[in-house]
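Observations on the three-dimensional arrangement
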Amino acid sequence: HEAINDIADNGIDADATKIKVNFGDKNKRPYLIIGDNGHGMTEDILGGALVIGASSKQLGSFAKNGVTLGKFGTGLKSSLLTLRGTATILTKMQGGKLLKTIFHKDSVQEHFDKTGEWGISIDPTTDKEDLELFKEYTGNSSHGTVIFIENIQKFTNRHHQAKMQIKSFA
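Predicted model only: the values in this text are computed from it and were never measured. (Residues numbered from 1 in each chain as written. Predicted model: local features only at pLDDT ≥ 70, side-chain atom pairs only at ≥ 80, totals over all residues. Heavy atoms only, no water.)

In this section: the side chain of Asp-36. Here Asp-36 is to be found in strand S2 (residues 29-36). Buried charged residue Asp-36 carries no salt bridge. Nearest counter-charge: Lys-18, at 12 Å. Within polar-contact distance, the side chain of Asp-36 engages the backbone nitrogen of Gly-38 at 2.8 Å. Beyond its immediate sequence surroundings of up to four residues, Asp-36 is in contact with Gly-11, Ala-16, Lys-18, Ile-19, Tyr-137, Thr-138, His-143, Gly-144 and Thr-145. (Helix = DSSP H or I, 4+ residues; strand = E, 2+ residues; numbered from the N terminus. Buried < 20%, exposed > 50% of the residue type's maximum accessible area, 1.4 Å probe, protein only. Lys, Arg positive; Asp, Glu negative; His and termini not counted. Salt bridge = Lys/Arg side-chain N within 4 Å of Asp/Glu carboxyl O. Polar contact = N/O pair within 3.5 Å; in protein donor to acceptor, adjacent residues only side chain to side chain. Contact = heavy atoms within 4.5 Å.)

As a further point, take the environment of Asp-127. Here Asp-127 shows up in the loop between strand S5 (123-124) and helix H6 (128-137). Relative accessible area serves as the criterion here: at 37%, Asp-127 is assigned to the partly exposed category. Considering only alpha carbons, one finds Asp-127 and Lys-100, 27 residues apart in sequence, at a separation of 9.9 Å. From its side chain, Asp-127 meets the backbone nitrogen of Glu-129 in a polar contact 3.0 Å long.

Time to look at the side chain of Thr-125. Looking at where Thr-125 falls in the secondary structure, it is placed in the loop between S5 and H6. A distance of 3.2 Å separates a polar atom in the side chain of Thr-125 from the backbone nitrogen of Asp-127. Contacts of Thr-125, omitting those with residues within four sequence positions, involve Leu-90, Leu-98, Lys-100 and Asp-130.

Before going further, it helps to spend a moment on the pairing of strand S3 (residues 86-92). Judged by how many residues are buried, S3 sits mostly within the fold: 5 of 7 residues are covered. Direction of pairing for S3 relative to strand S6 (residues 144-150): antiparallel, over a ladder of 7 bridges. Within the sheet, the bridge partner assigned to Thr-88 lies in S6 and is Phe-148. In this sheet, strand S4 (residues 99-103) lies alongside S3 in antiparallel orientation, the contact comprising 5 bridges. From the neighbouring strand, Ala-87 faces S4, where its bridge partner is Phe-103. In this antiparallel pair of consecutive strands, S3 and S4, the connection spans 6 residues, and Gly-95 shows a positive phi of 80°. (Pairing = 2+ DSSP bridges.)

This part is about the packing of aromatic side chains. Following the criterion strictly, the structure yields 1 aromatic pair and no others. For the pair Tyr-31 and Phe-148, a centre-to-centre distance of 5.5 Å together with 90° between the ring planes defines the contact as edge-to-face. Taken as a pair, Tyr-31 in strand S2 and Phe-148 in strand S6 lie far apart in primary sequence, 117 residues in all. Since its relative accessible area comes to 15%, Phe-148 is described here as buried. Above the face of the Tyr-137 ring, Lys-20 is positioned so that its terminal group lies 4.7 Å from the ring centre. (Phe/Tyr/Trp six-rings, centres within 6.5 Å; stacked < 30°, edge-to-face > 60°. Lys NZ or Arg CZ within 6 Å of the ring centre and 35° of its normal.)

Take a look at the structure:
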């Protein structure tokens, strides 16, 4: 529950007025989707949210030791690693492009192997499924963030069944 709260806190920090949470099963493995209609993220901010030791540029206005819930810049990456799944992250700022990355425990190493630099691959997307997921979980907003975590290893059957009672909130 703390990992999920940390992700929801990021939406609050981004001035979201709606946050939608959904739990389910896909191929007998639990998944979680959290979406918000907050500001969304630039490529730099999303990259900073997913690597340890993000720069001030990557954190943007959410500077370390600031006054936001996400003041340390560790919530998203630690939450995703705690849940031990594969996360597809979609984010868009007002007037910007829809960005997509897929994050799992080996993402940073894979990026380094391809580019020789520490980071994570983030690309614009126009995929129909991505657009539909973004639209549904941001409440048809032109900006926001959606995190779809699948193949979650952290939930036991007991935890998963209890969590399934929560469908969404706004």
